[in-house]
Amino acid sequence: MSEDSFPVKLMRGVPVVTAPEEIDITNAGGLRASLLEAALVEAAPVEAAGHPAFVVDLTRTRFCDSAGIQVLVEAHKRARAAGGQVLLATSGAAVPRIFALTGIDRVIPSFASLDEALAYTPAGTGPLPLPDLAGRT
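Residues numbered from 1 in each chain as written. Predicted model: local features only at pLDDT ≥ 70, side-chain atom pairs only at ≥ 80, totals over all residues. Heavy atoms only, no water.

A.B. asks: Could you give an account of the overall build of the protein chain, naming the residues involved and the relevant values?
C.D. replies: If you tally the helices and strands in the protein chain, you get four helices and seven strands. Walking the protein chain from its N terminus toward its C terminus, one meets helices and strands in the order β-β-β-α-β-β-α-β-α-β-α. Sequence separation of 24 or more characterises 69% of the internal contacts of the protein chain that already satisfy a separation of 6 or more. Total accessible area on the protein chain stands at roughly 6,900 Å², and carbon and sulfur atoms take up 56% of it. (Helix = DSSP H or I, 4+ residues; strand = E, 2+ residues; numbered from the N terminus. Contact = heavy atoms within 4.5 Å. Areas by Shrake-Rupley, 256 points an atom, 1.4 Å probe, with all protein chains shown as cover.)

Shown next as structure tokens:
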């Protein structure tokens, strides 16, 4: 695996991309490729929502610049156009703060842990409604 390749694994029937500790212009292309791969992974049958979802695990990520944000927004747009959903799992303070400042937290659902994000997928342990992104400040 090259430095610009990030694993895509199935967890509870849901594709999960594990992002690097830092996302910037030097590795954004590799992240884009992994997100495209995740969108194509055959996920478990979808019950309630009728569309696939995948999770980007950013729990190890401590920095994300505009190139990384662009890649995440592109993946979100592609998923939505195909009837799917991208969910973000974040931890710590730095990346959620960047997402709040740029407004990405109002566009792409973000969760405090990978388990929480997986629970919100149609293949997760329980069909839960997505958080109300419009009400975030």
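So that's the structure; there's more coming.
A.B. asks: Just give me the short version of the pattern of salt bridges, but keep the residues and values in it.
C.D. replies: Going through the model one piece at a time under the given rule, you end up with four salt bridges. A salt bridge links R106 to D105, with the shortest nitrogen-to-oxygen separation between them at 3.9 Å. Owing to a relative accessible area of 42%, R106 belongs among the partly exposed residues under this scheme. Given a relative accessible area of 12%, D105 falls into the buried group. (Salt bridge = Lys/Arg side-chain N within 4 Å of Asp/Glu carboxyl O. Buried < 20%, exposed > 50% of the residue type's maximum accessible area, 1.4 Å probe, protein only.)

A.B. asks: Tell me about helix α2 (residues 66-81), and please be specific about residues and values.
C.D. replies: With 16 residues, α2 should reach 22 Å at 1.5 Å per residue; the first-to-last C-alpha distance of 22 Å fits that figure. Here α2 starts with a cap whose side-chain oxygen sits 2.9 Å from the backbone nitrogen of A67, and that cap is D65. Looking one or two residues beyond α2, the residue adopting positive phi is G83, at roughly 85°. (Expected span 1.5 Å × (residues − 1). Polar contact = N/O pair within 3.5 Å; in protein donor to acceptor, adjacent residues only side chain to side chain.)

A.B. asks: Break down the packing of helix α1 (residues 28-40) against α2 for me, citing the residues and quoting the values.
C.D. replies: The N-to-C vectors of α1 and α2 enclose an angle of 15°; their axes lie 9 Å apart at closest approach. Viewed along their axes, α1 and α2 adopt a mutual orientation that is roughly parallel. For α1 against α2, the interelement crossing comes out right-handed. The segment α1 lies against α2, with A28, L31, R32, L35 and L36 engaging A67, G68, V71, L72, E74, A75 and R78. Each residue belonging to the contact of α1 with α2 can be placed in one class, and the counts come to eight nonpolar, one polar and three charged. (Axes fitted to C-alpha atoms, helices over the stretch in contact; angles between N-to-C directions. Parallel < 35°, antiparallel > 145°, perpendicular 65-115°, else oblique. Left-handed = near helix turned anticlockwise from the far one by under 90°. Nonpolar A, V, L, I, M, F, W, Y, C, P; charged D, E, K, R; others polar.)

A.B. asks: Can you tell me about the packing of aromatic side chains, naming the residues and giving the values?
C.D. replies: For the structure shown, the criterion picks out one aromatic pair. Measuring from centroid to centroid gives 4.5 Å for F111 and Y120, while their planes differ by 35°, and the two rings are tilted. On the basis of relative accessible area, F111 is assigned to the buried category, the value being 3%. (Phe/Tyr/Trp six-rings, centres within 6.5 Å; stacked < 30°, edge-to-face > 60°.)

A.B. asks: With reference to specific residues and values, describe the sheet that holds strand β7 (residues 110-111).
C.D. replies: Across a sheet, paired strands are connected by hydrogen bonds in the backbone, their directions being either parallel or antiparallel. If you walk across this open sheet you meet the five strands as β1-β2-β4-β6-β7, and the pairing is mixed. Edge positions in the sheet fall to β1 (8-11) and β7, since each of these pairs with one other strand and no more. Relative to strand β6 (residues 85-90), strand β4 (residues 53-58) runs parallel, the two being bridged by six bridges. Of the residues in β6, the one forming a bridge with V55 is L87. (Pairing = 2+ DSSP bridges.)

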